[in-house]
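Geometric and topological summary
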Amino acid sequence: MRHISLLLLLLLTLCLSACKGGKAPSDKPILTVSIEPLRWVVSSIAGDDYDVQTLMPQGASPETYEPTPRQMIDLSQSEILFCVGTMPFEQTRLRQMAESAPELQLVELREGITTIAEDGHRHGGETESIDPHLWMSTKNLSIMAQQVARVLSAHNPAHRADYEKRLSVMEQRLNTLDSELRAQLLKARSRSFLIYHPALGYMAREYGLIQLAVEHDGKDPSAASLQQLINTCKHDSVSVAFISKEHNGQAARRIAGEVGAHVVEINPLAYDVTKQMRQIAQSLTQ
């Protein structure tokens, strides 16, 4: 009896440890995305048909992140890998992985999106200088969702109607959000805003805003450039300075102090990017 009690206690301990350690592996087919915002897009279309996993963890920087060997191995279990196609690790490691694993379908969701060229926004190894933050736009999110629906419909034709229905719901949500943001940003105290890392170019383009970035080519500005940026912020009556979660943004904080701007922390790499857009719009109109 004592041995049975000890065995039951051991089993209970193991079960509790498993619960603390994380959820049990899913038996659903796996889809992988490169960053969290894409998990929101893909999950919204895929529904419960798939287990959607993310490569880059929260808090990591897409400029310096490298998938671990374990992740690269686990990636071989995925049926489709969705990425933006503009991040450094997407253009190098993920493409190498796709080439070495021909059974893995790699889908770059930048297709169909008009990118923004930025001379001062070049990431290591890029041959083209563009703003890689395509997902920070309701219009671009809709284009990405349409592509996800097409890919999943071709991959799993039996559920095409489900994907098309979810796409319709998602597009309605994005259209509603777009209308809300346009109405709210008409009340913005200034059309210009300061930001440490230039992550809001597509949102700025969509709503007629001016993004004044502190960081260029991954570096803080020189003393002369810093003073010029301070003068521009004063001239444009900038009242908000955005700092992304993965950056300390000391130079932006200094400028904000000089011009009397309010510092707001944002997370363009959050799962629910629509929530981030609402926060950004609210910050610009307070």
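For the structure given in this document, a descriptive report is provided here. Throughout, a residue's number is its position along its own chain's written sequence, starting from 1. With pLDDT at 70 or above as the cut-off, local features in this predicted model cover only qualifying residues; side-chain atom pairs require 80 or more to be listed or tallied, and sums for whole chains, interfaces and linings still use all residues. As a rule here, side-chain values come from all non-hydrogen atoms in the structure, and water together with hydrogens is ignored.

Here we take up the sheet that holds strand 7 (residues 240-244). Pairs of strands are assigned from DSSP output, requiring at least two bridges between the strands. Secondary structure follows DSSP: runs of H or I at least 4 residues long count as helices, runs of E at least 2 residues long count as strands, and numbering of each begins at the N terminus. The strand order across the open sheet formed by four strands is 6-5-7-8, and the pairing between neighbours is parallel. Strand pairing shows two members of the sheet lacking a second neighbour, strand 6 (210-213) and strand 8 (262-266), which therefore form its edges. Here the strands of the sheet are splayed against their neighbours by 30° on average, with no regard to which way each runs. Of the pairings in the sheet, the one linking strand 5 (residues 192-195) to strand 6 comprises four bridges and is parallel in character. Within the sheet, the bridge partner assigned to isoleucine 195 lies in strand 6 and is alanine 213. Note on definitions: a residue-residue contact is assigned when non-hydrogen atoms from the two residues lie within 4.5 Å. Only the contacting stretch of a helix is used when fitting its axis, a line to C-alpha atoms as for every element, and angles between N-to-C directions run 0 to 180 degrees. Sheet strands in contact with helix 9 (residues 250-259) are strand 5, strand 7 and strand 8, and its direction is about 170° off that of strand 7. Strand contacts of helix 10 (residues 273-285): strand 5, strand 7 and strand 8, with the helix running at about 175° to strand 8, the strand carrying the most contacts.

Here we come to the packing of aromatic side chains. Each aromatic ring pair is specified by the distance between its two centres and by the angle formed by the two planes. Stacked, edge-to-face and tilted are the three classes for Phe, Tyr and Trp ring pairs, Trp counted by its six-membered ring, which pair at centre distances within 6.5 Å; planes under 30 degrees apart are stacked, over 60 edge-to-face, the rest tilted. Within the structure shown, the criterion is met by one aromatic pair. Taken together, a centroid distance of 5.6 Å and an interplanar angle of 75° make the contact between phenylalanine 193 and phenylalanine 242 edge-to-face. One end of the pair, phenylalanine 193, is in strand 5; the other, phenylalanine 242, is in strand 7, and 49 residues separate them in sequence. Each member of the pair, phenylalanine 193 together with phenylalanine 242, is buried. Residue exposure (1.4 Å probe, protein chains only): buried if accessible area is under 20% of the type maximum, exposed if over 50%, otherwise partly exposed.

Contact geometry of helix 5 (residues 138-155) with helix 6 (residues 160-185) gives a least axis separation of 10 Å together with a crossing angle of 180°. Accordingly, the angle class assigned to the pair helix 5 and helix 6 is roughly antiparallel. Contact residues: helix 5 offers Thr138, Leu141, Ser142, Ala145, Gln146, Ala149, Leu152 and Ser153, while helix 6 offers Arg160, Tyr163, Leu167, Met170, Glu171, Leu174, Leu177, Asp178 and Leu181. Gly is placed with the polar residues, together with every amino acid not listed as nonpolar (Ala, Val, Leu, Ile, Met, Phe, Trp, Tyr, Cys and Pro) or charged (Asp, Glu, Lys and Arg). By residue class, the composition of the contact of helix 5 with helix 6 is 10 nonpolar, four polar and three charged. By definition in this entry, angles of less than 35 degrees are roughly parallel, angles greater than 145 are roughly antiparallel, angles of 65 to 115 are roughly perpendicular, and the rest are oblique.

To continue, consider the packing of helix 2 (residues 36-46) against helix 6. At their nearest, the axes of helix 2 and helix 6 sit 7 Å apart, and the two run at 130° to each other. By the criterion of interaxial angle, the relationship of helix 2 to helix 6 is oblique. Where helix 2 abuts helix 6, its residues Trp40, Val41, Ser44, Ile45 and Ala46 lie against Tyr163, Arg166, Leu167, Met170, Arg173 and Leu174. For the contact of helix 2 with helix 6, the residue count by class is eight nonpolar, one polar and two charged.

Turning our attention to the side chain of glutamine 211. Secondary-structure assignment places glutamine 211 in strand 6. Glutamine 211 gets classed as buried once you look at its relative accessible area, which sits at 18%. The definition of a polar contact used here is a pair of N or O atoms within 3.5 Å, where within protein one atom must be able to donate a hydrogen and the other to accept one, and adjacent residues in sequence count solely through side-chain atom pairs. In terms of polar contacts, glutamine 211 uses its side chain to reach the backbone amide nitrogen of leucine 200, at 2.8 Å. One polar contact links the side chain of glutamine 211 to the main-chain amide nitrogen of glycine 201, over a distance of 3.4 Å.

By secondary structure assignment, the location of isoleucine 30 is in strand 1 (residues 30-33). Separated by 50 residues in sequence, isoleucine 30 and isoleucine 80 place their C-alpha atoms 7.6 Å apart.

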